[in-house]
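Chain and residue survey
Single-letter residue listing:
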Amino acid sequence: MKYAYFLSCINESMTKEVDRSLERWDKDLDIELVKLTRGTCCGGSNLDYVSPDHFLVVNGRNIAMAEQMKLDLVTSCNTCLLTLRRAKHILDNSPGKRELVNSFLLDEGLCYTGCSDVKHLLWVITEDYGLDRLAKMVTTPLSGISFAPFYGCHILRPSSLLGKDNPSAPMSLDRLIETLGGTPVEYPSKNKCCGFHTLLVAERESLTLTGNAIEDAIRSEADYIVTPCPLCHTAMDAYQLKAMKGRGAARRIPVLHLSQLIGLALGHSQHELGIDRHMIT
Amino acid sequence: MERREVSFRIYRYNPQVDRHPFYDNFKVAAERGITVLRVLNHIKENLEPRLTFRAYCQAGICGSCAVRVNGVSKLACTTQVWDELAESGDEPILLEPLNNLEVIRDLLVDIDPLLEKLKSNSSWLTSSIPEQQMGHKEHIVSETEFEVIDSASDCILCASCYSECSMMGVNRRYISPPVLLKAFRMNNDTRETLAGERLKQVTADHGLWDCTHCYRCVEHCCKKIPIMDGIHRLREEAFERRMSGSEGARHAQVFFDDIRDNGRLKEMTLPLRTKGVAGSLAMIPLALKMAIKMRTPPLFTKKIPGIKRVRELYLRLEKLNAERQSS
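This text gives an overview of the structure that appears in the document. (Residues numbered from 1 in each chain as written. Chains lettered and ligands numbered in written order. Predicted model: local features only at pLDDT ≥ 70, side-chain atom pairs only at ≥ 80, totals over all residues. Heavy atoms only, no water.)

The helix and strand inventory of chain B stands at 14 helices and 7 strands. Computed over its C-alpha atoms, the radius of gyration of chain B comes to 25 Å, more than 25% above the 20 Å expected for a compact globule of 327 residues. Seen through its principal axes, chain B has C-alpha atoms that stretch 75 × 70 × 40 Å. Taking all 327 residues of chain B together, 48% fall into the buried category. If you take every contact in chain B between residues at least 6 apart in sequence, the share linking residues at least 24 apart comes to 64%. Put simply, chain B shows about 16700 Å² of open surface, and 51% of that area lies on carbon and sulfur atoms. Here chain B carries 48 positive and 44 negative side-chain charges, and the mean point of each set is 7 Å from the other. (Helix = DSSP H or I, 4+ residues; strand = E, 2+ residues; numbered from the N terminus. Rg over C-alpha atoms; globule rule 2.2 N^0.38 Å. Buried < 20%, exposed > 50% of the residue type's maximum accessible area, 1.4 Å probe, protein only. Contact = heavy atoms within 4.5 Å. Areas by Shrake-Rupley, 256 points an atom, 1.4 Å probe, with all protein chains shown as cover. Lys, Arg positive; Asp, Glu negative; His and termini not counted. Charge placed at Lys NZ, Arg CZ, Asp CG, Glu CD.)

Now the structure itself:
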């Protein structure tokens, strides 16, 4: 299996361990992720406010590069997923916009046609690869460990653009945890917002959202939180102490990326997967 | 007609009498096709006359009967009991008041805070037609012009989005999705004359830029209105009107600039460029802790290969925008 892999800015800077643990998928799972090195930042739900045309051209270009490679485009970040899929939705449904974007891409030998899908890593592993197949690859089952699955907003909502999980009761990450031998816990915050996107604009409110979700996971007696999004990870790991200040929580809770969760079940060490780089370990 | 006994667990609270909220259980013989509102009416008429809720049109038009059904905000009058049974399985169907609004009694909430926000953000049309000519002169809105605000005009102020909003849950002063939607609807009406003034109101503290883009409002809108599209459009309008001095707008500008300069976000200086020097000082302790774990972003962001191509695209786009503005 082969995909074009979209490089998220946060994985290139703060959460480098995500891509590090993904590099093992080629050997472990025969999933080749070809890095889209010439691709740009997707604009992270912000670029389009400054200029909707820039948003379309930049992301049309990103997707067109995957098309040129005749591959689907995969991302490990929820917000990159939604941003790219929003651009794709607009371009697929507006011949005028598509023509505009292509007039800009022509010089680079690129053309957006809409033939490549934009997927999240979670969907690749649960749908394309398949959980039955993954179960056979598990060497170190995560038995006796309970995980609070935290999906993050931009892999669930709006369901009109994403539409894999029921946003009110998502289950794909829960099933992945079960497949790897772990126990998913039910808790109210699994489909809630981590607050990341307003951390620099409305910090107090954002940290309350982050703290609410972490407190919920601790109350559910989970050993770990697991998330498919490096932005949710940053909010819940790097900001955990700040978010939990004054709440009197009994303990801290480590947060794992989806790729690290799989890596652990495939027998890799915490160090190999960069888990020791996390703020809460 | 298929019929079965269905259990309901209903939130009860009279702040004047009860020290704490509690739940009452009711069993109702319900046939396929019955709505949650019909059940509430049945309980009030036959089982518990004190049960308090708000309802009027019974047809999904007035927006008064929104409650949380199995934890999700929706209109009681358009929610089918049998659909909820599919969700709740053997558990009773849970009925609770909307979130983020004070409970007056049982399922009835006080929507005055929402109405006050609508008032303080001029959520009405200020027509270009002088008042003395009202009724004498028409201002025609073409079909194409109305299409832009068609969906937003469907809002019935049921407050489901207000109840589901992440930011409302942690800051009751937040402007809220329905007020932002109204601002979008009015600002994009071709008859409107005070769009700039309204935009100033909605971009004030606890306003437009505090939305976390969690899309819960969109997901739970009973009229399927793409509320976030309206919020996006208001943010675009803020840039068009050069109202880009707020932290939220500066944050968005950083993405635009960094893609042009590096192809990637320069995370190291992102807080500084969003919050300014004074605002960033408080982040130093966290940055130091992250440095120990080698999690701080690099000081110099590596440019992507072929960044020249991206810059060329920006130049051409700027030229296109200049041509559009001059025409």
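Along chain A, the regular secondary structure elements total 13 helices and 8 strands. Relative to the 2.2 N^0.38 estimate, which gives 19 Å for 281 residues, the radius of gyration of chain A is 19 Å and therefore close to what a compact globule would have. Oriented by its inertia axes, the alpha-carbon framework of chain A measures out at about 60 × 45 × 30 Å. Counting the 281 residues in chain A, one finds 66% classified as buried. Excluding contacts between residues fewer than 6 apart, the proportion of contacts in chain A whose partners are at least 24 apart in sequence is 78%. In the form shown here, chain A has an accessible surface area of approximately 9500 Å², with 49% of it arising from carbon and sulfur atoms. With 30 positive and 33 negative side-chain charges, chain A shows a spacing of 2 Å between the two charge centroids.

Keep in mind these values describe shape, not function.
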